[in-house]
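Survey of secondary and tertiary structure
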Amino acid sequence: MLRIAYFGPEGTFTEQAARALAPGEDLTPYETIRLALDAVRDGAADGACIPIENSVEGVVPATLDGLGGGSALVAVAEAVLPIRFSVLARAGATEIRTVASHPHALAQVREWLEANLPHATAVAASSTAAAAVGVVEGTYDAAVSAPVAIEHYPLEELATGIADVGDAQTRFLLVRRPGELPEPTGADRTSIVAAAENRTGTLAQLLSELAGRAINLTRLDARPVRDSFGEYRFFIDFEGHLAEPRIADALTALRRRCHLRFLGSHPRADQLPATIEPGAGNQDFLDARAWVDAVLKGEDA
Ligand SMILES: O=C(O)C(=O)C[C@]1(C(=O)O)C=C[C@@H](O)C=C1
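Residues numbered from 1 in each chain as written. Predicted model: local features only at pLDDT ≥ 70, side-chain atom pairs only at ≥ 80, totals over all residues. Heavy atoms only, no water.

Another point: the site of the ligand. Looking at the ligand, there are 14 residues lining it, with Phe 13, Thr 14, Gln 108, Thr 128 and Thr 170 nearest. Between an oxygen atom of the ligand and a side-chain N or O atom of Thr 128, the distance comes to 2.4 Å. With respect to the ligand, the side chain of Thr 170 contributes an N or O atom lying 2.9 Å from an oxygen atom. Placement of the ligand is best described as lying within the largest cavity. The set of elements that each furnish at least two residues to the shell around the ligand consists of α1 (13–21), β3 (47–54) and α4 (103–108). Grouping the constituent residues of the shell around the ligand by class yields 5 nonpolar, 9 polar and no charged. Residue contributions to the shell around the ligand reach at least three from each of two domains, namely domain 1 (1–81 + 170–176) and domain 2 (85–162). (Near = heavy atom within 4 Å. Polar contact = N/O pair within 3.5 Å; in protein donor to acceptor, adjacent residues only side chain to side chain. 1 Å grid on protein atoms, 1.4 Å probe; cavity = no way out; pocket = protein on both sides within 12 Å on 5 of 7 lines; lining within 4 Å. Sits in = over half its atoms within 2 Å of the grid points. Helix = DSSP H or I, 4+ residues; strand = E, 2+ residues; numbered from the N terminus. Nonpolar A, V, L, I, M, F, W, Y, C, P; charged D, E, K, R; others polar. Domains from an automatic or database assignment.)

A volume near 180 Å³ is recorded for the largest pocket. What lines the largest pocket is Glu 53, Asn 54, Ser 55, Glu 78, Val 80, Gln 169, Thr 170, Arg 171, Arg 189, Thr 218, Arg 268 and Asp 270. Where the lining of the largest pocket is concerned, the elements lending two or more residues are β3, β5 (74–82) and β11 (169–176). Counting residues per element, the lining of the largest pocket draws most heavily on β11, which supplies 3 residues. Here the residues of the lining of the largest pocket sort into 1 nonpolar, 5 polar and 6 charged. Mapping the lining of the largest pocket onto the domain boundaries places at least three of its residues in each of domain 1 (1–81 + 170–176) and domain 3 (180–301). (Points joined across faces, edges and corners; volume = space filled by probe spheres on them.)

The next subject is the environment of Cys 258. With respect to the element layout, Cys 258 can be found in the loop between α8 (245–257) and β15 (259–267). Overall, Cys 258 belongs to the buried group, its relative accessible area being 7%. Along the backbone, Cys 258 and Thr 202 are 56 residues apart, and their C-alpha atoms lie at a distance of 9.0 Å. Look past the residues within four positions of Cys 258 in its chain and what remains in contact with it is Ala 194, Ala 195, Ala 196 and Leu 206. (Buried < 20%, exposed > 50% of the residue type's maximum accessible area, 1.4 Å probe, protein only. Contact = heavy atoms within 4.5 Å.)

Interfaces are frequently sized by the accessible area removed from exposure as the parts join. Domain annotation of the chain identifies domain 1 (1–81 + 170–176), domain 2 (85–162) and domain 3 (180–301). Centre-to-centre separation of domain 2 and domain 3, based on C-alpha positions: 42 Å.

To continue, consider the nonpolar core. Counting 34 residues, the largest nonpolar core has Phe 85, Trp 112 and Val 144 as its most contacted members. Two domains each put at least three residues into this core: domain 1 (1–81 + 170–176) and domain 2 (85–162). Residue contacts for Trp 112: discarding those within four places in its chain leaves Val 87, Leu 117, Ala 159, Ile 162 and Asp 164. In this structure, Leu 37, Val 40, Leu 67 and Val 193 belong to the second largest nonpolar core, which totals 22 residues. (Core = buried A, V, L, I, M, F, W, Y, C linked by side-chain atoms within 4.5 Å.)

Close contact between helix α2 (residues 33–41) and helix α3 (residues 61–68) brings their axes to 9 Å; oriented N to C, the two are set at 25°. Taken as axis vectors, α2 and α3 run roughly parallel relative to one another. The two elements α2 and α3 cross, and the hand of that crossing is right-handed. Only Ala 62, Thr 63, Asp 65, Gly 66 and Leu 67 of α3 make contact with α2, whose side of the interface consists of Ile 33, Arg 34, Leu 37 and Arg 41. Considering only residue class, the contact of α2 with α3 consists of 4 nonpolar, 2 polar and 3 charged. (Axes fitted to C-alpha atoms, helices over the stretch in contact; angles between N-to-C directions. Parallel < 35°, antiparallel > 145°, perpendicular 65-115°, else oblique. Left-handed = near helix turned anticlockwise from the far one by under 90°.)

Strand order in this open sheet of 4 strands is β13-β14-β12-β15, and the pairing throughout is antiparallel. The open sheet terminates on both sides in strands that have one partner only, identified here as β13 (217–224) and β15. Between one strand and the next, the sheet's axes are offset by a mean angle of 15°, whatever the strand orientation. As defined by bridge partners, strand β12 (residues 188–195) adjoins β15 across 8 bridges and the pair is classed as antiparallel. Bridging across to β15, Arg 189 finds its partner in His 266. Sitting on the sheet, α8 is in contact with β12, β14 (232–239) and β15, with an inclination near 165° to β15. (Pairing = 2+ DSSP bridges.)

Here is the structure:
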């Protein structure tokens, strides 16, 4: 049985994602994303499940920073969950003065809180389930939690199914230490971190290596390198798998231009096939390479 660390405690959305991504495996909650990732790095876990991005609030900075630093980890699978929240309080609570949750969750119910609990102060907790624990312990009056949290904590539902934006979704990754990559499926995502020199046009040059090969980006985020003000690392996701000639060609070109960290190639949860433009398919890259080889051999190419 694999040991899978997840961003907990019990009752987070991430736990639900971990159950979907690693069914039947041995799941252990960790209080922070960093601790879950470090459990994989130091061998206490075989893999970790962590949130990467939400359709309303964007990336989870702790995940980007956790994957960008430390020893390399690679994503091998992803899951996308619909996100709607419950507001949980102790039985019989009459006055709600503080409402706690993960900052990403608070940002997704801001309008609901303003309309329904206008006198409550929103307080950041380490996760939606940690907020529920805080309510049980009397630290907060209410928590904005995943609906499943009610199964783990002796609390009552003040409201459920709440979300300022309908159809909100969060994408989660299953990461592990570098090893054999998952097989390419034709509907894959590759993730890299690019750290380039702070020169005019650097980012445009990096992106042009992908655009020139008609590789469709799915996400681009910049995070500060942290120890040098004004310098950034670029987290880039795009369609395709490193085992494909067109993607390997692009990464070979990028590697000449900047420092790269590979964060994995894995099947997309939505199974959307990669966009392939005319002349930019894998066979086109193989044919072009075969033509060069033929010319080198002096054949009539
Ligand atoms: O705290 C949780 O329940 C989490 O799994 C984290 C998280 C996030 O980081 O975005 C996951 C999904 C929701 O968007 C809100 C919080």
